[in-house]
Amino acid sequence: MKDLKFDTKAIREGYRTTQEQEHSEAIFLTSSFVFDSAEQAANRFSKEEPGNIYARFTNPTVDAFEKKLAALEGADACVATSSGMAAIFASIMALVESGDHIVASRNMFGTSIVLLNTIVSKFNVGISYVDLGDLSQWKNAVQDNTKLFLLETPSNPLGEVVDITALSKISQANNILLAVDNAILSPALQNPIKLGADVVIHSATKYIDGQGRCLAGAVLASEVIIEKVSAFTRATGPSLSAFNAWIVLKGLDTLSLRMKAHCDNALKLATWLQDQNQVKKVHYLGLESHPNHALASAQQSGFGGIVSFEVKGGREAAFKVINATEILSITANLGDTKTTITHPASTTHGRLTENEKQQANITEGLIRISVGLEDIGDVINDISKGL
Ligand SMILES: *Cc1c(COP(=O)(O)O)cnc(C)c1O
C-alpha cells in the first residue's frame, strides 16, 4: 500500500479477515497455535515455514498492529511490546553491549531516566546526559564506545526540540544509532525515521490508544534491528497481549483525526492563557513566542496536545488552579480524550533536586495540561476558576 496517504493506511494497511468474513478485525485470544502434522511443527520451529507458534513470539492481532504502525512511521519493521517502558528497555538491551555508552537527553520521560540510572547501569553501560536541543553537547559527549543516542522530541512539558536531521548526521558520522521516543506526537505529527533516525519508540498507551484503556508499546526500525529487539522480547516476555493489540489497532484508525483535534484545542487554550493576568508564561510550540516554534514547524506536521503555563504565586497558586477544576482530571497521565492537569514540580519531576528543577525550568508555579477532546470553551472555563 505504498502510494496511499496516511489516513488511508491508518484504516486499511494490513487489513485482513478470516473465513468468517468479519468486517472489523478479529481478536486472536490464544496463547498457542496448533500444527497440521509433526512435520509442520518441525518446519515452523526451524523457521523453514513461516507461521505462528506461540503468542510470546507472534500473534495475528499483534502482527496487524505492528504492520499498520510500521506503515504509518515509514519503518521496515516493528515489534510491539506490553508498554512503552518495555519498548525502551528492549531497544536498549538489543542495541548495546556491556561496556558500551549511551548519550541521552536530560529531559526525557521520568521513568526512562530511572530505567537508565538504576537498571541499564547495572549492565556496565555508561550513560551521559545532554541538553536536548544543543547539538554541540551531543557531539562532545561521544566516546569511542558510544553506541546509542536516546531522546524524546519535543520534550514534555516545556516543548524543547532537537533538529533530528542535524543530529542524525552526527550519529551516522560516529556509527551511533539514533533512537527517538515519538510518544508525545505520534506518527500522525512526526516521523523521525524519515528525518534520519534509526529507531522509533512508542508508548502506545498515550495518543495511539488515546482513550486511556490499556498499556502498549512498540519499537520500529530496519528488519535487522527489529530482529534483535524481538529476539529480546521472545526470550524475556514483554510481548503485547492480543486484546491490547486490538485496542491500539483500533486507536490507529482515528489517530490522525484525534491529533488534529488535540492540536486545535491546545492552540486555543494556549492563546487564551497568554492573555491572562495571572499567567506569567505559556509554553506551547504552536505559539510564535515559543523559542522552538520555527524548528517544530519544519520537522513536525502539528504541535501536539501538551500545553504548560506558569502562574504567578508559585506552588500555592498552582495548587489553587488545579483544585478549583471540576471537569479536568487531576492525573499525570497524558494523551487521552480527557483533559488532564498536573503540577510537574511535585509529581512527574518530583525526584529532581531544587537545583535540577531550576536548570530544567520546572518552576513551582508550572502547570501542565494534556489537552483532550472536550469542548475547549468548557476546559478554559474550568481552568479559569482558580486563576
Ligand atoms: C508514558 C511514556 C512512556 C512510558 O510508557 P508506558 O506505556 O507508560 O510504559 C515513555 N515515553 C514517553 C514520552 C511517555 O509519555
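Shown above is the structure to which this text applies.
Quick caveat, the model's predicted, so the values are computed rather than measured.

Draft legend 1. Quick look at the side chain of Gln 300. Considering the arrangement of structural elements, one finds Gln 300 in the loop between α11 (293-299) and β9 (306-311). Under the relative-accessibility criterion, Gln 300 is labelled buried at 7%. For Gln 300, the side chain forms a polar contact with the main-chain oxygen of Gly 302, separated by 2.8 Å. Beyond its immediate chain neighbours, meaning those up to four positions away, Gln 300 contacts Pro 154, Val 161, Leu 185, Leu 189, Gln 190 and Leu 285.

Draft legend 2. Region of interest: the site of the ligand. Around the ligand sit Ser 83, Gly 84, Met 85, Ile 88, Phe 109, Glu 152, Asp 181, Ala 183, Ser 203, Thr 205, Lys 206 and Ala 216, and those are all the residues in its vicinity. The separation between an oxygen atom of the ligand and a polar side-chain atom of Ser 203 is 2.9 Å. Contact with the protein chains hides 92% of the accessible area of the ligand, taken as 380 Å² for the molecule alone. With three residues, helix α4 (residues 84-95) is the largest single contributor of residues to the shell around the ligand. Here the residues of the shell around the ligand are counted per class, giving five nonpolar, four polar and three charged.

Draft legend 3. Local environment of helix α10 (residues 255-274). Look at α10: 28 Å from first C-alpha to last across 20 residues, which is about the 28 Å you get at 1.5 Å a residue. Among all positions of α10, only Leu 255, Ser 256, Arg 258, Met 259, His 262, Cys 263, Asn 265, Ala 266, Leu 269, Ala 270 and Leu 273 are buried. Against α1 (6-12), α9 (242-253), β8 (279-283), β9, β12 (366-370) and α14 (376-384) lie the buried residues of α10.

Draft legend 4. Fine view of the side chain of Asn 191. You can see Asn 191 is positioned in the loop between β5 (177-181) and β6 (199-203). Of the polar contacts made by the side chain of Asn 191, one reaches the side chain of Glu 73; its length is 3.1 Å. A distance of 3.2 Å separates the side chain of Asn 191 from the backbone oxygen of Pro 187, its partner in a polar contact. Setting aside chain neighbours within four positions, we find Asn 191 in contact with Leu 72 and Glu 73.

Draft legend 5. Spotlight on empty space enclosed by the protein. Enumeration over the complete set of coordinates arrives at one cavity of 30 Å³ or more. A volume near 90 Å³ is recorded for the largest cavity. Lining the largest cavity are 15 residues, and of these Ser 155, Gly 159, Leu 285, Phe 303 and Ile 306 lie nearest its centre.

Draft legend 6. Expanded view of helix α3 (residues 60-73). Compared with an ideal rise of 1.5 Å per residue, which puts 14 residues at 20 Å, α3 spans 20 Å between its outermost C-alpha atoms and is within 8% of the ideal. Contacts from the buried residues of α3 go to α1, β1 (77-81), β6, β7 (217-221) and α9. Between the side-chain oxygen of the N-cap and the backbone nitrogen of Thr 61 there are 2.8 Å, and the N-cap of α3 in question is Asn 59. Residue Gly 74 follows α3 closely and has a positive phi angle near 70°.

Draft legend 7. Looking closely at the state of the cysteines. Counted according to the given criterion, the structure contains zero disulfides. With no disulfide partner, Cys 78 has as its closest neighbouring cysteine sulfur the one in Cys 214, 14 Å distant. By relative accessible area, which is 10% here, Cys 78 ends up buried. The class of Cys 214 is buried, set by a relative accessible area of 9%.

Parameters at a glance
- Residues numbered from 1 in each chain as written.
- Predicted model: local features only at pLDDT ≥ 70, side-chain atom pairs only at ≥ 80, totals over all residues.
- Heavy atoms only, no water.
- Helix = DSSP H or I, 4+ residues; strand = E, 2+ residues; numbered from the N terminus.
- Buried < 20%, exposed > 50% of the residue type's maximum accessible area, 1.4 Å probe, protein only.
- Polar contact = N/O pair within 3.5 Å; in protein donor to acceptor, adjacent residues only side chain to side chain.
- Contact = heavy atoms within 4.5 Å.
- Near = heavy atom within 4 Å.
- Areas by Shrake-Rupley, 256 points an atom, 1.4 Å probe, with all protein chains shown as cover.
- Nonpolar A, V, L, I, M, F, W, Y, C, P; charged D, E, K, R; others polar.
- Expected span 1.5 Å × (residues − 1).
- 1 Å grid on protein atoms, 1.4 Å probe; cavity = no way out; pocket = protein on both sides within 12 Å on 5 of 7 lines; lining within 4 Å.
- Points joined across faces, edges and corners; volume = space filled by probe spheres on them.
- Disulfide = S-S within 2.5 Å.

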